[in-house]
Structures are given as C-alpha cells and as structure tokens.
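Structural overview
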Amino acid sequence: MLTIIRLVRLPNLFIIALTMYLTRYCLLSDLNFQVIGLNDYGFALLVLSVVLIAAAGYIINDYFDTRIDAINKPEKLIVGVKVSRRRAMLYHTVFNILGVLIGFYLAWQINKLIIGWINVISVTLLWYYSRYFKKKFIIGNLVVALLSGMIPIVVALFEPNTDRIHYYYIIGYAAFAFVISFIREIIKDLEDMEGDISENCKTIPIVSGVRTTKTVIILLIALVVAAIGYLVNYNVIPEFSSNKVFILYSVIAIQIPLMILLYLTYKATYKNNYRMMSTLTKIIMLTGVLSMLVFYYFPQTH
C-alpha cells in the first residue's frame, strides 16, 4: 500500500482534491448547487474522477521515465523495481477508464455531455506528455501547467449556475495555478538535467542553458508577485482589494515566499538547491489554494 501511495503521489492528489472542494465551497459558496448542478455526492464523484486521472498520469509518467529516474533519483524508483511494469500499466488503464466513465456520467447528469470529453482530453494529454511532450522544448511544461490551471475551472464547468463574477474568481486562481505549476516544472527540469541529457531531452535548461532558465523563472516569479499586488491594491476585483485579511494573508503566505523563491533561484547552483526550490513552489501552491478559506471566512472588510 505504501508503494502505491508513493506511485500515485498521494500528497499531490490531496492538493488537487482540496483545490476542488475549496473552489466549490468557498469561491462558489453562495450558489445553489441543488438546482441544476451536482449535489454533494455527485461532486465527490467529480473529485474522484479527476484524482483517478491524475494518479494514472503519475503512473504513466513513471512508466516511461524509468531510465531517466534511474539516473536522477534511483532511490525513488518504483516502476520496474517495487511495482512491475505490467501491473503499473494495469493501474494506469483502470484508473483512466474509471475517471472517464465517471466524468461522462456526471456530464450526462447535468445535460452537458460535451464536458465529459474534458477527462478524455486530459488522459490523452497526460499520455502524450509522458511519452513525447516531456522531452520537447517548453511543450511538456505548458501541458502540465495547463492541466493544473484547469482544476478549478472544471469545478465551475460542472456547476451551470456559475455566473460572470464567480468566473472571475475561478480564472484568477486558475491563472495562479498555471504560472506556479509552470515555474515548478521548469525548476524540475533544472533538477533533472543529468538524466534528461542522457535521454536526449530538449528541455528549457538543456536548450537555453541554466543562466537563461533561471532568468525566465525569476521573471515569472516577479510577474506573479506584481499581479497579486495589482489585484489586492487596485479595485480589479473588489472582493479581493477591499479585504484587509486577504491582503495580509497574500503578503505573508504567498508574496514573501515568492520573493524567497526568487532569491533562491538567483543563488541556486546545485541539485539540492533546485530540490529545495521545487518544494517551496509546492508550498506556495498550497498556500495559494488555502487563501480561498480566507476569502470565505473573512468577507469584505473596509
């Protein structure tokens, strides 16, 4: 069981589920879910379908990355060592089939069968990411970032009551997830350069060099800090800019850690530095998600 937990990246799956639940019950809390959207049981199934597909994605990624991982992190190698390749592919297939079937069932329940194809597209992208895109310049990074940004959007798509203002909230968090995930994927490319070179990958640091890659990361971090500062200091979304607790939280739990990440990026030299940066990026992603709780429990204050 511990091996399976490591294989499917349980902490990451927890963050996905947490993001979806907080999106529904914090950002969309004033909508009537029982009218034409999913009830609580249906929403739990939606979360399960997304988690299953994400778990399958982690499995297939490890399946195709055994030679790279044998160089980059041999102590963490699972597929082919603790789980046979055949069993890993079986888990991958079963999880994907269940995730897709649940997605179509829920889409049928709300009379929007077309959005059931989202899970099919996700499965396809994760397969091609693991098999091809991951080794290509920037494409793999963008695919993972796009799928991360889609997580809160999926919640809104399965809730037909979602109106324009609520979509503003959702798109804001989706954009944050996209950029932070993109940054983390680039950092992971820096961390995994040795194994990637052995497999002739064309990742950003291999093609453009470490210095240029670090500059890109620094610019992206600066962009996120500036964007958050703009949102909370100007009246773009009043619910954000008029909420003093939300502003304080964003500074302490998101912007300051981002500035620390910027400094670490500038100073990073060794693989352990990149590993620390990757961990900090995941923490920033989590604190960003948890800001939905602040948004919900501390409404506008003047």
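Procedures and definitions
Residues numbered from 1 in each chain as written. Predicted model: local features only at pLDDT ≥ 70, side-chain atom pairs only at ≥ 80, totals over all residues. Heavy atoms only, no water. Salt bridge = Lys/Arg side-chain N within 4 Å of Asp/Glu carboxyl O. Helix = DSSP H or I, 4+ residues; strand = E, 2+ residues; numbered from the N terminus. Buried < 20%, exposed > 50% of the residue type's maximum accessible area, 1.4 Å probe, protein only. Expected span 1.5 Å × (residues − 1). Bend = angle between axes of the 7 residues up to and from the residue. Axes fitted to C-alpha atoms, helices over the stretch in contact; angles between N-to-C directions. Parallel < 35°, antiparallel > 145°, perpendicular 65-115°, else oblique. Left-handed = near helix turned anticlockwise from the far one by under 90°. Contact = heavy atoms within 4.5 Å. Nonpolar A, V, L, I, M, F, W, Y, C, P; charged D, E, K, R; others polar.

Turning our attention to the pattern of salt bridges. A full pass over the atoms with the stated rule returns six salt bridges. In this structure, D65 and K134 form a salt bridge, with 2.1 Å as the shortest nitrogen-oxygen distance. Taken together, the residues D65 in the loop between α3 (40–64) and α4 (66–72) and K134 in the loop between α6 (117–131) and α7 (139–157) connect sequence positions 69 residues apart. For D65, a relative accessible area of 1% gives the class buried.

On to helix α13 (residues 244–267), then. An ideal rise of 1.5 Å per residue puts 34 Å on 24 residues; α13 measures up with 33 Å between its terminal C-alpha atoms. When the local axis directions of α13 are compared, the greatest deviation, roughly 35 degrees, occurs at V251. F246, S250, A253, I254, Q255, P257, L258, L261 and T265 are the residues of α13 that are buried.

Their axes nearest at 8 Å, the elements α3 and α6 cross at an angle of 15 degrees. Between α3 and α6, the angle is such that the two are roughly parallel. α3 and α6 meet at a crossing whose hand is right-handed. Residues S49, I53, G57, I60, N61 and F64 of α3 lie in contact with α6, whose contacting residues are N119, S122, V123, L126, W127, Y129, S130 and R131. A per-class count over the contact of α3 with α6 returns seven nonpolar, six polar and one charged.

Over its 19 residues, α7 runs 25 Å from end to end, which matches the ideal 27 Å to within 8%, given 1.5 Å per residue. A maximum bend of about 40 degrees is found in α7 at I151, where proline P152 lies one to four positions downstream.

Moving on, we get to the packing of helix α11 (residues 210–233) against α13. For the pair α11 and α13, interaxial distance at closest approach is 10 Å and the crossing angle is 165 degrees. In terms of orientation, α11 lies roughly antiparallel with respect to α13. For the crossing formed where α11 meets α13, the hand is left-handed. Taken together, the residues of α13 that come into contact with α11 (itself represented by K214, I217, I218, I221, A222, V224, V225, I228, G229 and V232) are F246, I247, S250, I254, Q255, L258, M259, L261, L262, T265, Y266 and K267. Class assignment for the residues of the contact of α11 with α13 results in 16 nonpolar, four polar and two charged.

Read these as geometric descriptors, not functional statements.
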